[in-house]
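Residue strings, one per chain:
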Amino acid sequence: DGLLPHWDVINEMIGNNFYVDGTGDPEVRASMFKRAKDMSPDTLLFVNEYGVLLDKYGRFEGFREVVRNLLAYGAPVDALGLQGHITEEDLADVATIQLHLDQLWEEFKLPIWITEFTFNVAGEISDPDHSIHAEQLENFYRVAFAHEAGQGVVMWQFQVGQVNLGSKIKSI
């Protein structure tokens, strides 16, 4: 108990019905949250998803539906995790991010963490002096930390001297 401060109980649930299909139990996800809370009552339990902040692939409404369903089945959801993978095709649009943070806070009143924050990990943007990177990071951090629900940002795929590109490690 308490060994993990945060736990993404089931990661990326939009369109992922593995547990429901496998068990035939529409409440299995909520049961998993309840079991996790029983095992570790002091751990914050998260719903974590990608594409929500910028409504990539229409995922914003899908995320809200996932959270609504979990809460309706009594899942002890303590916080929302929103992955922040920023690429050249979706630079950090502060107005959109702010709107989605506002809407999630208004509906659920749950703390929000930005999880898996990455920028340009595959090198889609030519940015040799990192000026675009710096601007995007500053804009993203300002909107995330200024929001009343914002509790933190977790950097992802960042290592001293390397960038993790999935199956490839690139020295920098």
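Now for a description of the structure that goes with this document. These numbers come from a predicted model, not from an experiment. (Residues numbered from 1 in each chain as written. Predicted model: local features only at pLDDT ≥ 70, side-chain atom pairs only at ≥ 80, totals over all residues. Heavy atoms only, no water.)

1. Notes on unusual backbone geometry
Put simply, the rule is: Only DSSP runs of H or I reaching four residues or more are called helices, and only runs of E reaching two or more are called strands; each is numbered from the N terminus. Each residue's exposure class comes from its accessible area (1.4 Å probe, protein chains only) as a fraction of the maximum for that residue type: buried when under 20%, exposed when over 50%, partly exposed otherwise.
A positive phi is found at E12, a non-glycine position, where the angle reads about 55°. Looking at the secondary structure, you find E12 in the loop between β1 (6-11) and α1 (18-23). Accessibility expressed as a relative area gives 27% for E12, which makes it partly exposed. Even without glycine at this site, E116 takes up a positive phi of about 55°.

2. What to know about the layout of surface pockets
We apply this condition: Put plainly, a pocket is an open set of points on a 1 Å grid over the protein atoms alone with protein on both sides within 12 Å along at least five of seven lines, a cavity is a set where a 1.4 Å probe fits but cannot get out, and a lining residue has an atom within 4 Å of a point. Grid points are joined across faces, edges and corners, and a volume is the space filled by probe spheres set on the points. For this classification, the nonpolar set comprises Ala, Val, Leu, Ile, Met, Phe, Trp, Tyr, Cys and Pro, the charged set comprises Asp, Glu, Lys and Arg, and every other residue, Gly included, is treated as polar.
Estimates place the volume of the second largest pocket at around 170 Å³. Lining the second largest pocket are H6, W7, D8, F46, W113, T115, E116, V154 and W156. Listing elements by their share of the lining of the second largest pocket, those giving two or more residues are β1 and β4 (112-119). Of the residues assigned to the lining of the second largest pocket, the class counts are five nonpolar, two polar and two charged.

3. Observations concerning the packing of helix α3 (residues 59-72) against helix α4 (residues 94-108)
Heads up, the rule is: Working convention: axes come from line fits to C-alpha atoms, limited for helices to the stretch in contact. Angles between N-to-C directions cover 0 to 180 degrees. When an angle is under 35 degrees it counts as roughly parallel; over 145 it counts as roughly antiparallel; between 65 and 115 it counts as roughly perpendicular; any other value is oblique. By definition, any crossing whose near helix is turned counterclockwise from its far helix by less than a right angle is left-handed, and any crossing with a clockwise turn is right-handed. We call two residues in contact whenever any of their non-hydrogen atoms come within 4.5 Å of each other.
One can describe the packing of α3 onto α4 by two numbers: an axis separation of 12 Å at closest approach and a directional angle of 15°. On the basis of their axis angle, the class for α3 and α4 is roughly parallel. For the element pair α3 and α4, the recorded crossing hand is right-handed. In this structure, α3 contributes F60, F63, R64, V67, R68 and L71 to the contact, and α4 contributes H100, Q103, L104, E107 and F108. Per-class residue counts for the contact of α3 with α4 are six nonpolar, two polar and three charged.

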